[in-house]
Amino acid sequence: MNNKTAVTSRRDFIRNTAAAIAAPLIVPSSVFGRNAPSNRINLGIIGCGNQSTVDLPEWFKNDDCQVVAVCDVNRAGRGYKDEKQFLGREPQRDFVNQFYAKKTGRDSYTGCDACADFREVLARQDVDAVAIITPDHWHAVMTNMAAEAGKDIYCQKPLSLTVRDGQEMIKAVRKHRRVLQTGSQWRSNAMTRHACELVRNGRLGKLQRIESFVAPNNFTSPGPGWQPMPVPDGFDYDFWLGPAPKAPYHHDRCFYRFRFVMDYSGGQTTNFGHHSNGIVQWATGDVVPVEYEDAGSEWPAKGDLFTTPTKVAFRARYANGVELYCHTDKRGSGARFEGSDGWLEFASRKIESHPASLKDSVIGANEQRLYVSENHYRNFLDCVKSRKDGVEPVEIGHRTSMLCHLGNIAMQLKRTIKFDSKLEQIVGDDEAARMLSRPLRGPWKY
Ligand SMILES: NC(=O)c1ccc[n+]([C@@H]2O[C@H](COP(=O)([O-])OP(=O)(O)OC[C@H]3O[C@@H](n4cnc5c(N)ncnc54)[C@H](O)[C@@H]3O)[C@@H](O)[C@H]2O)c1
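Definitions and limits used
Residues numbered from 1 in each chain as written. Predicted model: local features only at pLDDT ≥ 70, side-chain atom pairs only at ≥ 80, totals over all residues. Heavy atoms only, no water. Domains from an automatic or database assignment. Contact = heavy atoms within 4.5 Å. Buried area = accessible area lost by both parts, 1.4 Å probe. Salt bridge = Lys/Arg side-chain N within 4 Å of Asp/Glu carboxyl O. Helix = DSSP H or I, 4+ residues; strand = E, 2+ residues; numbered from the N terminus. Nonpolar A, V, L, I, M, F, W, Y, C, P; charged D, E, K, R; others polar. Phe/Tyr/Trp six-rings, centres within 6.5 Å; stacked < 30°, edge-to-face > 60°. Buried < 20%, exposed > 50% of the residue type's maximum accessible area, 1.4 Å probe, protein only. Near = heavy atom within 4 Å. Polar contact = N/O pair within 3.5 Å; in protein donor to acceptor, adjacent residues only side chain to side chain. Expected span 1.5 Å × (residues − 1).

Caption draft 1: Molecular detail of the domain arrangement of the protein. Domains assigned within the protein are domain 1 (4–187) and domain 2 (190–370 + 394–434). Placing the centre of domain 1 and that of domain 2 at their C-alpha centroids yields a distance of 27 Å. Between domain 1 and domain 2, the residue contacts involve 36 residues of the former and 46 residues of the latter. For the pair domain 1 and domain 2, the two sides together bury roughly 3500 Å², of which 61% comes from carbon and sulfur. Among the residues domain 1 hides against domain 2, the three largest losses belong to Val-73, Trp-186 and Arg-187. Together they make up 26% of the total. Its salt-bridge partner being Glu-395, residue Arg-174 comes within 2.7 Å of it at the nearest N-O pair. Elements that contribute at least two residues to the side of domain 1 that touches domain 2 include exactly helix 4 (118–123), helix 6 (163–175) and strand 6 (180–183). Among the elements that take part in the side of domain 1 that touches domain 2, helix 6 stands out by supplying 7 residues, more than any other. Of the residues in the side of domain 1 that touches domain 2, the class split is 16 nonpolar, 11 polar and 9 charged.

Caption draft 2: Spatial organisation of the packing of aromatic side chains. Scanning all chains against the criterion turns up 26 aromatic pairs. Ring centres of Trp-138 and Phe-239 lie 5.9 Å apart, and the angle between their planes is 65°; this geometry places the pair in the edge-to-face category. Placement of Trp-138 in the loop between strand 4 (129–132) and helix 5 (139–148) and of Phe-239 in helix 8 (residues 237–241) is noted, with a sequence separation of 101 residues between them. Comparing Trp-138 with Phe-239, the two get one shared label, buried.

Caption draft 3: Up close: the site of the ligand. Taken together, 31 residues sit near the ligand, with Gln-51, Asp-72, Tyr-80, Asp-136 and Lys-157 positioned nearest. The separation between an oxygen atom of the ligand and a polar main-chain atom of Thr-134 is 3.2 Å. A distance of 2.9 Å separates a nitrogen atom of the ligand from a polar side-chain atom of Gln-185. Elements supplying a minimum of two residues to the shell around the ligand: helix 5, helix 8 and helix 10 (268–284). Of the residues in the shell around the ligand, the class split is 15 nonpolar, 12 polar and 4 charged. Counting contributing residues per domain, the shell around the ligand is built from domain 1 (4–187) and domain 2 (190–370 + 394–434), each supplying no fewer than three.

Caption draft 4: Seen up close, helix 6. Taking 1.5 Å per residue as the helical rise, helix 6 with its 13 residues ought to reach 18 Å, and the 19 Å between its terminal C-alpha atoms agrees with that figure. What helix 6 keeps buried is the set Val-163, Asp-165, Gly-166, Glu-168, Met-169, Ile-170, Ala-172 and Val-173. Summarising the contacts, the buried residues of helix 6 are in contact with helix 5, strand 5 (152–156), strand 6 and helix 12 (394–413). Positive phi appears at Arg-177, one or two residues downstream of helix 6, with a value of about 55°.

Okay, here's the thing in structure tokens:
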């Protein structure tokens with residue numbers, strides 16, 4: 001989209017105008033009061049499925065954020081993660097309007113619109129930021145178009161579908177000076193931060209080995225004998241496919257289960273892996289490993305609708321020799337760090353260590369401290385105002401996604417791949433190198 005009219009966002013306009021008439025302007029707080037319209041962030045939601053039920057209530061907690069539009073290619077329907085969920089643009093629009101009606105003590109409220117085409121949200125001058133909660137194959141195209149339209153972006157994890165996606169997202173976000181927060185909320189958790197600070201400050205002695213866990217698949221595939229199904233009423237399937245290849249419709253391809261189809265996601269490697277490996281990356285300095293190999297991964301049969309690993313198992317090696325073993329594990333998500341002086345595990349929302357006292361070690365004022373964010377959504381809103389990077393900006397989200405994608409490539413090819421982490425290129429393996437990017441189906445482009 002070349003929406004020049006939308007390039008300057010409402011917030012940029014206010015900021016630029018204030019700057020133009022700045023000195024010696026003193027703006028009284030009654031003008032830019034805490035919740036004055038100029039101080040409020042108007043948010044558009046793109047993708048009204050399973051995760052929107054988690055994200056919307058988080059946005060609602062912030063008085064200075066107003067959800068003004070929701071968008072989904074699905075009008076309304078069931079069949080998401082949980083059969084009880086009735087989701088899509090109309091139910092989520094009603095959910096938002098009911099929330100604001102209750103909040104403002106009115107009988108009804110109609111301030112939140114619903115649309116099927118996200119370009120309508122991007123074209124709105126009153127929208128400051130968008131939350132992208134669509135399947136992964138849309139993240140890069142939508143992020144780039146949102147950045148060009150002057151919107152800040154909260155993009156769900158995994159940030160990208162391919163390594164190239166992430167590189168293009170960095171270019172767009174930085175070119176248009178947008179704020180992007182990757183929606184992998186574990187970086188806004190005091191316990192995770194403490195675990196990572198313990199590792200970074202050498203409490204384990206010399207770090208030797210890391211394990212990261214991803215949950216087993218939580219849906220069974222319809223198998224290789226699957227048959228196409230009629231597209232449900234009110235669902236724009238071609239728009240759902242977007243930049244992904246054309247394919248016959250099946251329910252298990254789309255709602256929630258898209259994460260088990262390689263054309264739209266990377267399976268649990270990128271789904272839970274983005275959380276677990278994101279912690280690993282935070283603890284080790286956010287530089288990706290340089291070597292990846294399969295460690296006994298298992299995959300669906302040929303012709304199956306699901307095409308992501310049924311068992312994740314890969315090893316990676318950091319430049320300093322530390323080994324990372326990422327694998328399917330009932331613990332769900334988390335990581336274990338082993339060093340010369342002990343171990344530390346972060347899983348099931350608690351930290352365990354050996355010796356037991358290690359986990360309670362206090363980090364001194366002069367030691368390495370990590371970015372403090374107590375709430376991922378609040379951190380994003382604060383950064384929209386300050387124009388600073390949040391706890392998980394585009395480069396960080398990209399590197400964690402990249403690690404997961406490289407693990408998938410090694411597992412798919414069942415051979416060791418070497419990676420130049422500075423150039424972000426696979427070395428000496430043309431077939432593997434081609435897997436860093438995929439063609440986008442037109443008219444969609446970066
Ligand atoms: N941070 C977390 O802990 C967490 C948890 C779950 C999911 N997620 C992420 O959230 C994203 C969505 O996952 P989900 O479980 O909600 O999937 P879902 O299938 O339940 O919902 C996705 C919605 O996006 C809609 N959509 C698809 N293409 C669209 C388009 N072009 N325009 C507008 N809407 C479109 C779909 O119709 C669907 O309603 C994924 O990237 C996933 O990894 C993050």
